[in-house]
Amino acid sequence: MVGLGTRDLIGQRCRKLIASAVHMGYKLIDTNPIFKNDHMIAEAVKNSKREDIFICTKVPASSLDYNSAFDSVEKTLGNFKFDYLDLVLIESPGKAEIPGHRRCHAKYRAETWRALIEMKQQGQIKNIGVANFLPRHIDEIWDKYAMNPVANMIELNPFCYEPEVIEYHKEKKIQIIAASPLARRSKEIWNLPILQELKVKYKVSKAQVLLRWAIQKGAVVIPKAKDIQNSKLNCNLDFEISPEDILTIDALARNMRLGWNSATIK
Ligand SMILES: NC(=O)c1ccc[n+]([C@@H]2O[C@H](COP(=O)([O-])OP(=O)(O)OC[C@H]3O[C@@H](n4cnc5c(N)ncnc54)[C@H](OP(=O)(O)O)[C@@H]3O)[C@@H](O)[C@H]2O)c1
């Protein structure tokens, strides 16, 4: 499945792009209160049937406690003027750096998870999940609440790929949502000769090779594109990368992380 990332998308451009993307058939739209684009997305989808839109949003790292999680979700619901949100993720296993709170991440994420469970029971949220959680953070909430997240949004692209993490999510039936699946178009990845070779071999774009690779790893991808033509290409992934070529791409892994690194969060 392909969704639309919306980091850095605001204003008229955001409205136009989302409206065109929905018209093209995009259903999943990923956002975050810190992107400050809820109103623009809401405006762009206002004529769509509610069930044709799937909003994935987050409780941001700064709102990681029981009451703040409720406040955050209520605010988002108000911004969208929706009765429910389709998927809400805890943005990070760690509360954003606040002096004195550094040792309490486990307590805050557990409280936030409890708040999400309650909001799911009350019907404000259909599905609850996490982002940037390591397997040990997920095991911990399972031990406490016996409820796994339906999804974990983690950075996934050939430079940020750990086979054991993919296996863990498969085994637990937790859907990976690939953040930064195009590695934010970083030159290191974009200029690789192998990417050029595969682009020619499969008669697609470099972006399509990267997105198809992540999908064959079992992930949902949410590339962000300001360009409507790119959004069109990004959802056209009806081809198959051969197992040999998948292995070649796998071998590019180098633990390069562009976004969150949760390794230090206890
Ligand atoms: N939960 C989290 O912690 C987290 C972290 C990171 C990202 N995310 C989510 O994941 C989404 C995607 O990640 P991202 O925004 O970091 O980066 P990304 O999707 O990996 O890369 C975006 C870059 O790729 C370019 N691009 C898109 N389609 C292209 C195409 N077909 N050909 C060439 N270039 C193309 C875009 O250009 P233009 O913009 O100029 O079109 C932009 O520069 C975010 O928007 C956000 O929703 C979540």
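Look a little higher up for the structure.
All of these numbers come straight from a predicted model, not from anything done at the bench.

A word on unusual backbone geometry. Notably, Asn 132 is not glycine yet its phi reads approximately 60°, a positive angle. Mapped onto the fold, Asn 132 is located in the loop between strand S5 (125-131) and helix H5 (135-145). For Arg 185, which is not a glycine, the phi torsion comes out positive at approximately 55°. Structurally, Arg 185 can be placed in the loop between strand S7 (175-179) and helix H7 (187-190).

Right, let's talk about helix H3 (residues 66-80) for a bit. The terminal C-alpha atoms of H3, which comprises 15 residues, lie 22 Å apart, in line with the 21 Å expected from a rise of 1.5 Å per residue. Of the residues making up H3, those classed as buried are Ala 69, Ser 72, Val 73, Thr 76, Leu 77 and Phe 80. Down the axis of H3, the buried set is contained in an arc of 130°. They therefore lie on one face. Residues of H3 that are exposed and point over 90 degrees away from its buried face: Asn 67, Glu 74 and Gly 78.

Here the focus is the environment of Leu 156. Secondary-structure assignment places Leu 156 in the loop between strand S6 (151-155) and helix H6 (163-172). Overall, Leu 156 belongs to the buried group, with 26 C-beta atoms counted inside 10 Å. Through-space distance from the C-alpha of Leu 156 to that of Thr 112 is 25 Å; in sequence the pair is 44 residues apart. The contact partners of Leu 156, leaving out residues within four places of it in the chain, are Tyr 161, Ile 176, Ala 178, Pro 181, Ala 214, Lys 217 and Ala 219.

Glancing now at the pairing of strand S4 (residues 85-90). Among the 6 residues of S4, 5 are classified as buried, and the element is accordingly described as predominantly covered. Inspection of the sheet shows strand S3 (residues 54-59) paired to S4 by 4 bridges, in the parallel sense. If you follow Val 59 over to S4, its bridge partner there is Ile 90. The parallel pair S3 and S4 is bridged by H3, and the resulting crossover is right-handed.

What counts, and at which threshold
Residues numbered from 1 in each chain as written. Predicted model: local features only at pLDDT ≥ 70, side-chain atom pairs only at ≥ 80, totals over all residues. Helix = DSSP H or I, 4+ residues; strand = E, 2+ residues; numbered from the N terminus. Expected span 1.5 Å × (residues − 1). Buried ≥ 20, exposed ≤ 12 C-beta atoms within 10 Å, placed from the backbone. Arc of directions from axis to C-beta. Contact = placed C-beta atoms within 7 Å. Pairing = 2+ DSSP bridges. Right-handed = clockwise from strand over helix to strand, strands pointing away.

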